[in-house]
Number of protein chains: 2
Amino acid sequence: MLSEDRYACLRLENQLCFPLYACAKEVVRRYKPILDELDITYTQYITMMALWEHRSLSLKDIGAMICLDSGTLTPLLKKLEEKGYVERSRDRDDERVLTVSVTEKGMDLRERALSVPGSVATCIPISPEEALILARILRRMMAEFSAQQQ
Amino acid sequence: MLSEDRYACLRLENQLCFPLYACAKEVVRRYKPILDELDITYTQYITMMALWEHRSLSLKDIGAMICLDSGTLTPLLKKLEEKGYVERSRDRDDERVLTVSVTEKGMDLRERALSVPGSVATCIPISPEEALILARILRRMMAEFSAQQQ
DNA sequence: TACTATTTAATTGTATGCAATCTAATTAAT
DNA sequence: ATTAATTAGATTGCATACAATTAAATAGTA
């Protein structure tokens, strides 16, 4: 027992990052059957969330908001365009910039998505009090991460 | 402003799941340069953690411990075998079962991994107090998720 | 025993994620 | 103005994730 002690830091049960990683996956899994009805994935859903709020954003701005780069967003936005929820076009003033805009159909999807947060909430086993604490800690951590980057 | 209120639940900033998702990714990203020196990925690292503790486990048991299925683990374990850290063999008593065992080289890796948790901790911007609270909430949530499943 | 159901991995297909590289457009510097 | 540096996306390659299906082995049952 004592001889194993030096490895305590490598035990799964002593990790903070592992439950974070596992919980995040589990939560996204809970979204799946709910988002299936809208024919979108979780990543597509948060992309639409960013767009619903701003109507039109560059790929770069979307990436900054939801922490994804062009390697993930380029194919994802093409799929959302195929589904008819967004339009992709080059900015007139700066041809490097890809402007992504929500279509009429994309805004209709917002109406159908209104019930999603409520449906998901019933599947996530956490009390409202703990949810608040969790959100506060995670948001603070994200803010610190952002401050680290530059 | 008031007319937008019904969409408040679809704002990114009002989500709990999004910071969870984003934080988990960010943390795994912090592991990368550290694990690169051991030539393993984060998923391979937690797989080895499970194996370091038990020396030998079935694929199913590993999956239960780190929340992954055979679709992810089968190719991952083959890679760990190629690297020489584990051995894969069929259980004599039950040929369906794949037994995964740590090799000598795999146990050597454990020594080299001893500094990983400390290195990662310096990159994760969270106070020890908040880390404890976070770990407690996430572990409780995982326990509840497990209880839901069956 | 023969048949059915269950269990365990492996396989297949789709969708991320992300580092690294590439290309084109724009900006800054000389 | 020309060259150099920067920026924004797209592309490539690798490694997950995971649902769904398949195949083989085992357990359960009539």
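Cut-offs and rules
Every residue gets a number counted from 1 within its own chain, in the order that chain's sequence is written. All chains are assigned letters beginning at A, and all ligands numbers beginning at 1, according to the order in which they are written. This being a predicted model, a pLDDT of at least 70 is required before a residue's local features are given, and a value of 80 or more before pairs of side-chain atoms are given or counted; all residues contribute to the totals for chains, interfaces and linings. In computing side-chain properties, one takes all heavy atoms of the structure into account and sets aside hydrogens as well as water. Nearness is judged by heavy atoms alone; a residue qualifies as near a molecule or strand once a single heavy atom is within 4 Å of it. Definition of a polar contact: a pair of N or O atoms within 3.5 Å, with one able to donate and the other able to accept a hydrogen when the atoms are protein atoms, and with sequence-neighbouring residues admitted only if both atoms are side-chain atoms. Any two residues whose heavy atoms approach within 4.5 Å are treated as being in contact. A carboxyl oxygen of Asp or Glu within 4 Å of a side-chain nitrogen of Lys or Arg is what we treat as a salt bridge. Segments assigned H or I by DSSP are reported as helices when at least four residues long, segments assigned E as strands when at least two residues long, and all are numbered from the N terminus. Under this grouping Gly is polar, as are all residues other than the nonpolar Ala, Val, Leu, Ile, Met, Phe, Trp, Tyr, Cys and Pro and the charged Asp, Glu, Lys and Arg. When DSSP finds at least two bridges between two strands, those strands are taken to pair. Axis definition: a line fit to C-alpha positions, over the contact stretch in the case of helices; interaxial angles, taken between N-to-C directions, run 0 to 180 degrees. Source of the domain bounds: an automatic or database domain assignment. Residue burial is assigned from relative accessible area. The probe radius is 1.4 Å, only protein chains are included, and a residue is buried under 20% of its type maximum, exposed over 50%, and partly exposed in between. This arc is taken over the directions from the axis of the helix to the C-beta atoms.

To continue, consider the protein's contact with DNA strand D. Within the structure, DNA strand D sits among 30 residues, and Tyr21(A), Ser70(A), Thr74(A), Thr41(B) and Gln44(B) are positioned closest to it. Backbone sugar and phosphate groups make up 79% of those atoms of DNA strand D lying within 4 Å of the protein. Within the side chain of Thr74(A), a nitrogen or oxygen atom sits 2.6 Å from a phosphate oxygen of DNA strand D. A distance of 3.1 Å separates a phosphate oxygen of DNA strand D from a polar atom in the backbone of Leu98(A).

On to the interface of chain A and chain B, then. Facing 63 residues of chain A, the contacting portion of chain B comprises 63 residues. Counting across the interface, chain A meets chain B through 7 salt bridges. A salt bridge links Glu53(A) to Arg11(B); the nearest nitrogen and oxygen atoms lie 3.4 Å apart. Summed over the shared surface of chain A and chain B, the number is 20 residue pairs in polar contact (both at pLDDT 80 or more). At the level of elements, helix H1 (17-36), helix H2 (42-54), helix H3 (59-66), helix H5 (104-113), helix H6 (116-121) and helix H7 (128-149) of chain A are the ones that each hand at least two residues to the side of chain A that touches chain B. Per-element tally for the side of chain A that touches chain B: the top contributor is H7(A), with 16 residues. Grouping the amino acids of the side of chain A that touches chain B by side-chain chemistry returns 43 nonpolar, 4 polar and 16 charged.

We now examine the sheet that holds strand S2 (residues 86-90) of chain A. Strands in a sheet are paired, the pairing made by backbone hydrogen bonds, and the direction either parallel or antiparallel. Residue and element names in this part refer to chain A. Overall, antiparallel pairing links the 3 strands, which are arranged S1-S3-S2 in an open sheet. Edge strands, defined here as strands with exactly one partner in the open sheet, are strand S1 (56-58) and S2. The mean angle between the axes of side-by-side strands here comes to 25 degrees, regardless of whether they run parallel or antiparallel. The pairing of S2 with strand S3 (residues 98-102) spans 5 bridges and is antiparallel. Bridge assignment links Arg88 to a residue of S3, and that residue is Val100. In the packing of H3 onto the sheet, the strands contacted are S1 and S3, and the crossing angle to S1 comes to about 90 degrees.

Attention now goes to the domain arrangement of chain A. Examined at the domain level, chain A breaks down into domain 1 (30-114) and domain 2 (124-150). On a C-alpha basis, the centres of domain 1 of chain A and domain 2 of chain A stand 24 Å from each other.

Further remarks concern H3(A). Within H3(A), burial applies to Leu59(A), Ile62(A), Gly63(A) and Ile66(A). With its buried residues spanning 100 degrees around the axis, H3(A) presents them on a single face. With respect to the buried face of H3(A), the exposed residues turned more than 90 degrees away are Lys60(A) and Ala64(A). Packed against the buried residues of H3(A) are H2, S1, helix H4 (70-82) and S3 of chain A together with helix H1 (17-36) of chain B.

The next thing to look at is the protein's contact with DNA strand C. Around DNA strand C, the surrounding shell holds 30 residues, and the nearest of these are Thr41(A), Gln44(A), Tyr21(B), Ser70(B) and Thr74(B). Considering the 4 Å shell around the protein, atoms of DNA strand C inside it are sugar or phosphate in 78% of instances. One of the side-chain nitrogen or oxygen atoms of Tyr21(B) is found 2.6 Å away from a phosphate oxygen of DNA strand C. The contact in question runs from a phosphate oxygen of DNA strand C to an N or O atom on the backbone of Leu59(B), over 3.5 Å. Those elements that place two or more of their residues in the surface near DNA strand C are H2 and H4 of chain A together with H1, helix H3 (59-66), helix H4 (70-82) and strand S2 (86-90) of chain B. Along the lines of polarity and charge, the residues of the surface near DNA strand C split into 7 nonpolar, 9 polar and 14 charged.

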